[in-house]
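Spelled out from the first residue to the last, the chains are:
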Amino acid sequence: MEKINAIITGIGGYVPDYILNNEELSRMVDTSDEWIMERVGIKERRILTEEGLGTSYMARKAAKQLIQKTGVDPDTIDALIVTTTTPDYKFPSTASIVIGKLGLKNAFGFDFEAACCGFLYSVDVAATMIQSGRYKKIIVIGADKMSSLVDYTDRQTCVLFGDGAGAVLIEATTEENVGVQNSFLRTDGVGLPFLHMKAGGSVCPASHFTVDRGLHYLYQEGRTVFRYAVTSMANDVAEIMKMNNLTHDDVNWVVPHEANLRIIEAVAKRAELQLEKVLINIEHYGNTSAATIPLAMWDYEANLKKGDNVIFTAFGAGFVHGASFCKWAYDGASAVAKK
Ligand code: ACO
């Protein structure tokens, strides 16, 4: 039997219209454009401000654009995965809401939670589903409304995050030497004390007590997260290059999780990768968690050429981290020109 490869065949994206810039933030908390640019490299973030709209709204918009751009017949989609830390509801899944809104008749869907690594992990899962031969077309959406769990009186965290969604179509092909090749994925399991939301889960369900004490906001110890993120992503990139016998010259692009410009620069330095090969858009969107990698691909799609060696890497709460290697399968410039 011919080997089945899993290739990314299109990218869609969506960011809300509202722009929360550093100037506005510095009127909300004791911070400044200078501090934020120097420490994290974020100028502005998009915020979904409309009441009653959640992650599924952005996910649906990104997927709709993906379907339009690729021209895929929605009835041929086998599965849709939404990876998010900010689902619309505890249940039903955000994926089920998106499938309903898009009218996908022949698809099943589920949510996948791996914090900022959600997109990296779920692309690997979707690729494996395709390579098994059981499924031919899967949509993977990374989407987060981080503004729904950020405390806008806490200057240590509110400057970091934004909202957005990115979607990719993954398809089966028998063409050789293309698509998702392999991944190096790890979960260290030591991260709970350093990055979490204290209440709202089964350990500490929502109550007046938890709301009064602000326990539904994101909590993090920034310095520890920073240290782990740099070490892990740099090691993971080195590991995936070794697994695939890639030299630094062989790598065309690295698409990192966009948490902080200093983290990205430190990872590139440690992994000895030229910064020009690293796709960076954190300045405009901030950290959109599961959406950062697909949104970077969305912004830079025109740069991606068939045959390019692309490395994805991410790090997030848990701690979850890893890297994967993909041989790019289409000419991004023509896909963008067709839009
Ligand atoms: N504006 C001005 N001053 C601030 C701000 C702010 N927004 N935030 C913190 N400060 C102050 C602190 O209060 C502290 O003041 P003090 O010395 O008077 O006590 C000073 O700046 C230094 O604080 P640190 O926390 O030591 O600053 P640091 O250089 O570590 O930067 C930051 C903080 C930006 C959070 C950094 O630790 C970081 O980026 N960590 C990674 C966090 C991250 O990316 N998390 C995302 C989720 S996980 C992921 O996606 C990978």
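Residues numbered from 1 in each chain as written. Predicted model: local features only at pLDDT ≥ 70, side-chain atom pairs only at ≥ 80, totals over all residues. Heavy atoms only, no water.

Observations regarding the sheet that holds strand E5 (residues 108-112)
Point 1. Read across the open sheet, the five strands follow the order E1-E7-E6-E4-E5; overall the sheet is mixed. Every interior strand has two partners, whereas the edge strands, strand E1 (5-14) and E5, have only one. Each neighbouring strand pair of the sheet contributes to a mean axis angle of 20°, computed without reference to strand direction.
Point 2. Where strand E4 (residues 79-83) and strand E6 (residues 137-145) come together, five bridges link them in parallel fashion. Residue pairing in the sheet places Leu-80 in a bridge with Ile-139 of E6.
Point 3. Along the sheet, helix H3 (residues 55-70) makes contact with E1, E6 and strand E7 (163-173), crossing E1 at roughly 120°.
Point 4. The strands touched by helix H11 (residues 292-299) within the sheet are E1, E6 and E7, with E1 carrying the most contacts at an inclination of about 85°. (Pairing = 2+ DSSP bridges. Helix = DSSP H or I, 4+ residues; strand = E, 2+ residues; numbered from the N terminus. Axes fitted to C-alpha atoms, helices over the stretch in contact; angles between N-to-C directions. Contact = heavy atoms within 4.5 Å.)

Re the environment of Pro-193
Point 1. One can find Pro-193 in the loop between strand E8 (179-187) and strand E9 (195-197).
Point 2. Note on Pro-193: relative accessible area 44%, which makes it partly exposed.
Point 3. Separated by 28 residues in sequence, Pro-193 and Glu-221 have C-alpha atoms that sit 8.2 Å apart.
Point 4. Those residues within four positions of Pro-193 in sequence are excluded, and the remaining contacts are Tyr-219 and Glu-221. (Buried < 20%, exposed > 50% of the residue type's maximum accessible area, 1.4 Å probe, protein only.)

Examining the state of the cysteines
Point 1. In total, this model carries zero disulfides according to the counting rule given.
Point 2. Cys-116 forms no disulfide, and the closest cysteine sulfur to it belongs to Cys-117, at a distance of 7.6 Å.
Point 3. Sulfur of Cys-158: no disulfide; nearest cysteine sulfur belongs to Cys-116 and is 17 Å away. (Disulfide = S-S within 2.5 Å.)

Side note on the packing of aromatic side chains
Point 1. Counting across every chain of the model gives eight aromatic pairs.
Point 2. Ring geometry for Phe-108 and Phe-110: centres 6.2 Å apart, planes at 25°, overall stacked.
Point 3. When the ring of Trp-328 is compared with that of Tyr-330, the centres are 5.3 Å apart and the planes differ by 40°; the resulting orientation is tilted. The two residues Trp-328 and Tyr-330 agree in class, both being buried.
Point 4. An aromatic cluster is built from Phe-194, Tyr-228, Phe-315 and Phe-319, whose rings are joined through pairwise contacts. (Phe/Tyr/Trp six-rings, centres within 6.5 Å; stacked < 30°, edge-to-face > 60°.)

A short note on the site of the ligand
Point 1. Taken together, the neighbourhood of the ligand is formed by 23 residues, with Thr-31, Arg-39, Arg-223, His-257 and Asn-260 sitting nearest.
Point 2. One nitrogen or oxygen atom from the main chain of Gly-222 is found 2.9 Å from a nitrogen atom belonging to the ligand.
Point 3. In this structure, an oxygen atom belonging to the ligand sits 2.9 Å away from a side-chain N or O atom of Asn-287.
Point 4. Those elements that place two or more of their residues in the shell around the ligand are helix H2 (33-39), helix H6 (155-158), helix H8 (222-243) and helix H9 (261-270).
Point 5. Looking at the shell around the ligand element by element, the count peaks at four residues for H8. (Near = heavy atom within 4 Å. Polar contact = N/O pair within 3.5 Å; in protein donor to acceptor, adjacent residues only side chain to side chain.)

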